[in-house]
Amino acid sequence: MSNYDVVIIGGGPGGYNAAIRAGQLGLKVACVEGGVTLGGTCLNVGCMPSKALLHASEMYEAAVGSEFANLGIEVKPTLNLAQMMKQKDESVTALTKGIEFLFRKNKADWIKGWGRIAGPGKVIVTNNEGVETELQAKDIIIATGSEPMPLPGVEIDNKRILDSTGALSLPEVPKHLVVIGAGVIGLELGSVWRRLGSQVTVVEYLDRICPGADLEAGKTLQRSLAKQGITFKLGCKVVQATSSGTGVQLSVEPAAGGEAELIEADYVLVSIGRRPFTKGLGLESVGLATDNRGMLENKQHRTSAAGIWVIGDVTSGPMLAHKAEDEAIACLEQIVGKASEVNYNLIPSVIYTRPELASVGQTEEQLKSAGRAYKVGKFPFSANSRARINHETEGFAKVLADERTDEILGVHLVGPSVSEMIGEYCVAMEFSASAEDIAMTCHPHPTRSEALRQAAMNVAGMAMQA
Ligand code: FAD
Ligand code: NAI
């Protein structure tokens with residue numbers, strides 16, 4: 001039996017950041033991870049491999065399409081899918097090894113195996129050989145993450161009917177890929193395979209893509225993706241998918257009911273959301289239970305059981321790596337008695353398509369339904385000199401500010417590399433900045449960030465370059 005101050009179950013962005021912070025705070029900490037590597041969904045089968053393929057496929061499309069040729073670069077590229085997958089896997093391995101290094105640096109122990117709570121302060125770990133180890137801890141943090149949501153009638157086999165993990169390592173480019181769900185995974189991985197040559201059809205239950213995003217931003221992104229060749233079937237549901245081993249036949253109905261249509265595909269990606277993962281966790285041993293969505297509730301990261309905390313995808317809030325990381329820091333600081341909390345109003349979100357969609361704060365729809373009076377400042381990337389020079393003119397920057405105080409309430413960007421620029425507004429909004437504060441801040445020329453400033457200027461109708 002080993003004694004710790006803190007035992008964390010799960011080694012994803014929630015768990016590994018909690019372990020690092022615990023080490024920094026001088027606590028004796030262990031992180032239990034049953035996967036082969038640390039890093040969780042994000043590093044192994046999520047954020048990182050998807051961004052590796054998005055980057056590589058973007059380069060490929062630029063070379064194979066007209067983009068390089070327009071720039072005067074004549075090449076005859078061929079796709080080496082095996083190499084594309086290999087470089088992705090190598091990057092992932094390097095990143096997961098990096099977490100092992102950070103554990104050593106911060107004196108956090110990685111206990112390999114699957115953890116189960118066995119009463120207050122007690123975690124039993126079963127390793128791959130079935131050997132059990134008992135850990136004692138003053139505090140236990142549950143950071144067990146999430147798993148893909150299943151769809152009745154569409155059984156995932158990861159041969160023809162895939163979840164995101166399967167779609168990240170296909171051995172060939174699908175001729176026709178049907179994506180079920182026009183959310184973040186569907187749009188990102190649909191974009192990867194379209195760029196590599198697939199015909200892509202996205203079937204979405206709602207009458208819009210990426211629900212939760214600002215409607216105007218979502219519509220703008222949809223237009224761009226449709227122009228690139230993705231077909232959207234909105235307001236539709238897949239009720240059945242039958243795999244023949246070489247292809248899949250899907251039965252698709254209008255969401256409101258009606259006659260079914262048959263669609264043939266060689267691969268299907270099911271990306272209709274993720275659900276919290278708590279299987280085999282022994283919650284009952286400490287009197288905990290999940291709600292009807294399978295989620296563990298928390299109050300400032302505490303569960304209702306003394307000494308048991310919960311962070312990341314397995315609990316409420318957006319299922320994002322940076323949200324899990326923020327909760328890890330706040331949770332650990334609370335464990336040692338510091339005041340620390342997560343600002344859930346300012347968790348940015350990004351869809352890494354081309355153009356990208358990045359946002360923080362409230363959408364126009366949220367402000368309207370809250371009855372909040374607001375002003376809008378918009379600026380198109382087509383009027384931004386750097387975007388024009390780079391031939392990346394789709395999209396806009398939109399700033400929503402309080403009508404009376406001018407405080408920035410929401411920012412929605414559709415455009416080139418906006419994932420790298422939204423942080424400016426996260427910082428500004430943490431300091432309760434007004435649109436005028438951004439409008440009066442000098443930005444470097446020529447950069448796409450100038451569009452963000454011009455949008456802020458336009459909250460007062462003062463954009464100078466459009
Ligand atoms: P996870 O990363 O899921 O980690 C949980 C870990 O716990 C896993 O390693 C699991 O093996 C382990 N575990 C579970 N039960 C036990 C147990 N009983 N004992 C031991 N170990 C256990 N988010 C972003 O912010 N940006 C992105 O670009 C992004 N892209 C994504 C792309 C894809 C394809 C997917 C699927 C997700 C993406 N996400 C992205 C979401 C992001 O991956 C998650 O929000 C994040 O990983 C959540 O971190 P977590 O620590 O809560 O859980
Ligand atoms: P999602 O919640 O983003 O989107 C799911 C979509 O499927 C929604 O549009 C929903 O209306 C639709 N849907 C649900 N049931 C359906 C049905 N039966 N038929 C057709 N459509 C249906 O979920 P997704 O894309 O699976 O991603 C899961 C989570 O992973 C995201 O919510 C996000 O938190 C995280 N993620 C984040 C990324 C990022 O930050 N860039 C990238 C990828 C994933």
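Here the structure is a predicted model, which is why all the values come from computation and not from measurement.

A. Spotlight on the packing of aromatic side chains. Evaluation of the coordinates by the stated rule reveals zero aromatic pairs. Sitting over the ring of Trp110, Lys112 keeps its end group 4.6 Å from the ring centre. Over the ring of Phe396 we find Lys378, and its NZ or CZ is 4.6 Å from the ring centre.

B. Quick look at the site of ligand 1. Surveying the vicinity of ligand 1 reveals 38 residues, the closest of which are Gly14, Glu33, Thr41, Lys51 and Gly115. Here a nitrogen atom of ligand 1 sits 3.4 Å away from a polar atom, N or O, in the main chain of Cys47. Protein chains bury 92% of the 1,000 Å² of accessible surface belonging to ligand 1 in isolation. If you list the elements that add at least two residues to the shell around ligand 1, you get helix 1 (13–24), strand 2 (29–33), helix 2 (40–45), helix 3 (47–64), strand 4 (114–117) and helix 9 (321–335). Tallying contributions element by element places helix 2 first for the shell around ligand 1, with four residues.

C. Up close: the pattern of salt bridges. Considering all chains together, one arrives at 25 salt bridges under this definition. A salt bridge links Glu364 to Lys398; its shortest N-O distance comes to 2.7 Å. Within this pair, whereas Glu364 is found in helix 10 (residues 364–369), its partner Lys398 is found in strand 21 (residues 396–402), the two being separated by 34 residues in sequence. Looking at Glu364, the relative accessible area reads 11%, which means it is buried.

D. Highlighting the packing of helix 1 against helix 9. Across the interface, helix 1 lies against helix 9 with an axial gap of 8 Å and an inter-helix angle of 35 degrees. Regarding helix 1 and helix 9, the two cross each other, and that crossing is right-handed. Where helix 1 approaches helix 9, its residues Pro13, Gly14, Asn17, Ala18, Arg21 and Ala22 are matched on the opposing element by Ala321, Ala324, Glu325, Ala328, Ile329, Leu332 and Glu333. Taken together, the residues of the contact of helix 1 with helix 9 sort by class into eight nonpolar, two polar and three charged.

E. Expanded view of the packing of helix 1 against helix 5 (residues 81–105). Close contact between helix 1 and helix 5 brings their axes to 9 Å; oriented N to C, the two are set at 25 degrees. The angle between the axes of helix 1 and helix 5 places the two elements in the roughly parallel class. For the element pair helix 1 and helix 5, the recorded crossing hand is left-handed. On helix 5, the residues touching Tyr16, Ala19 and Ile20 of helix 1 are Ile99, Leu102 and Phe103.

F. Fine view of the environment of Gly229. When you line up the elements, Gly229 lands in the loop between helix 8 (215–227) and strand 11 (231–234). On the accessibility criterion, Gly229 (41% relative accessible area) is partly exposed. Spatially, the C-alpha atom of Gly229 lies 9.5 Å from that of Ser191, the residues being 38 residues apart in sequence. Other than its neighbours up to four places away in sequence, Gly229 contacts Arg194 and Val200.

G. Structural context of the sheet that holds strand 19 (residues 356–361). If you trace the five strands from one edge of the open sheet to the other, you get 18-19-22-21-20, paired in antiparallel fashion. The sheet is open, and its two edges are formed by strand 18 (349–351) and strand 20 (374–380), each paired on a single side. When the angles between neighbouring strand axes are averaged without regard to direction, this sheet yields 10 degrees. Sheet analysis places strand 19 next to strand 22 (residues 408–415), joined by six bridges and oriented antiparallel. Directly across from Ala358, in strand 22, lies its bridge partner Leu413. Helix 12 (residues 422–430) rests against strand 19, strand 21 and strand 22 of the sheet, and its axis sits at about 180 degrees to strand 22.

H. Up close: unusual backbone geometry. Arg354 connects to Pro355 through a cis peptide bond whose omega is 0 degrees. Within the secondary structure, Pro355 is located in the loop between strand 18 and strand 19. Of note, the amide linkage connecting His445 to Pro446 takes the cis form, showing an omega dihedral of -5 degrees. Inspection of the secondary structure assignment puts Pro446 in the loop between helix 13 (435–439) and helix 14 (449–458). The phi angle at Lys107 is positive, at roughly 55 degrees, despite the residue not being glycine. Structurally, the position occupied by Lys107 is in the loop between helix 5 and strand 3 (108–112). Here His391, not a glycine, exhibits a phi torsion of approximately 60 degrees, which is positive.

I. Molecular detail of the site of ligand 2. Ligand 2 sits among 24 residues. The nearest are Glu188, Glu204, Gly273, Met319 and Val350. With respect to ligand 2, the backbone of Ile185 contributes an N or O atom lying 2.9 Å from an oxygen atom. Residue Tyr205 places a main-chain N or O atom 3.2 Å away from a nitrogen atom belonging to ligand 2. Contact with the protein chains covers 78% of the free accessible surface of ligand 2, which is 830 Å². Here the shell around ligand 2 gets four residues from one element, more than from any other, and that element is helix 7 (residues 184–195).

J. Seen up close, the pairing of strand 14 (residues 261–265). Summarising the sheet, strand 13 (residues 248–254) and strand 14 pair through five bridges and their orientation is antiparallel. If you follow Val252 over to strand 14, its bridge partner there is Glu261. Between the end of strand 13 and the start of strand 14, which pair antiparallel, lie six residues, with Gly257 showing a positive phi angle near 100 degrees.

K. A look at the domain arrangement of the protein chain. You can read the domains of the protein chain as domain 1 (2–148 + 275–344), domain 2 (161–272) and domain 3 (355–458). When domain 2 packs against domain 3, close to 990 Å² is buried across both sides, 55% of that on carbon and sulfur atoms. Across the contact surface, domain 2 and domain 3 share four salt bridges. In this structure, the salt-bridge partner of Glu216 is Lys378, at a minimum N-O distance of 2.4 Å. For the interface between domain 2 and domain 3, the tally reads seven residue pairs in polar contact (both at pLDDT 80 or more). When its residues are assigned to classes, the side of domain 2 that touches domain 3 shows five nonpolar, five polar and three charged.

Thresholds applied
Residue indices begin from 1 for each chain and proceed along its sequence in written order. Chains and ligands are labelled sequentially in the order written, the chains with letters from A and the ligands with numbers from 1. Owing to the predicted nature of the model, reporting of local features is limited to residues with pLDDT of at least 70; listing and counting of side-chain atom pairs is limited to 80 or more, with chain, interface and lining totals taken over all residues. Computation of side-chain values covers all heavy atoms of the structure but excludes hydrogens and water. Centres within 6.5 Å are what make two rings of Phe, Tyr or Trp a pair, Trp counting through its six-membered ring; a difference in plane orientation under 30 degrees is then read as stacked, over 60 as edge-to-face, and the rest as tilted. Geometrically, a lysine NZ or arginine CZ counts as sitting over a ring once it is within 6 Å of the ring centre and also within 35 degrees of the ring normal. The nearness test applies per residue and asks whether one of its heavy atoms lies within 4 Å of the molecule or strand. Under the rule applied, a polar contact is a pair of N or O atoms within 3.5 Å (in protein, one hydrogen donor and one hydrogen acceptor; residues adjacent in sequence only if both atoms are side-chain atoms). Accessible surface area values rest on a Shrake-Rupley calculation with a 1.4 Å probe, where residue burial reflects the displayed protein chains alone. Strands are runs of DSSP state E lasting at least 2 residues, helices are runs of H or I lasting at least 4, and numbering of each runs from the N terminus. The rule for a salt bridge is simple: a side-chain nitrogen of Lys or Arg has to be within 4 Å of a carboxyl oxygen of Asp or Glu. Exposed residues in this analysis have more than 50% of their type's maximum accessible area, buried residues have under 20%, and partly exposed residues fall in between, with area computed by a 1.4 Å probe over protein chains only. Here the axes come from fitting lines to C-alpha atoms, over the contacting stretch only for helices, and the angles between their N-to-C directions go from 0 to 180 degrees. Here a crossing is taken to be left-handed if its near helix is turned anticlockwise relative to the far helix by less than a right angle, and right-handed if that turn runs clockwise. Only heavy atoms enter the contact rule, under which two residues are in contact if any of them lie within 4.5 Å. When residues are grouped by polarity, Ala, Val, Leu, Ile, Met, Phe, Trp, Tyr, Cys and Pro land in nonpolar, Asp, Glu, Lys and Arg in charged, and all others, Gly among them, in polar. Angle categories are assigned with fixed cut-offs, so that under 35 degrees is roughly parallel, over 145 is roughly antiparallel, 65 to 115 is roughly perpendicular, and the rest are oblique. For two strands to pair, DSSP has to find at least two bridges joining them. The source of the domain bounds is an automatic or database domain assignment. Two parts lose some accessible area (1.4 Å probe) when they are put together, and adding that loss for both gives the buried area.

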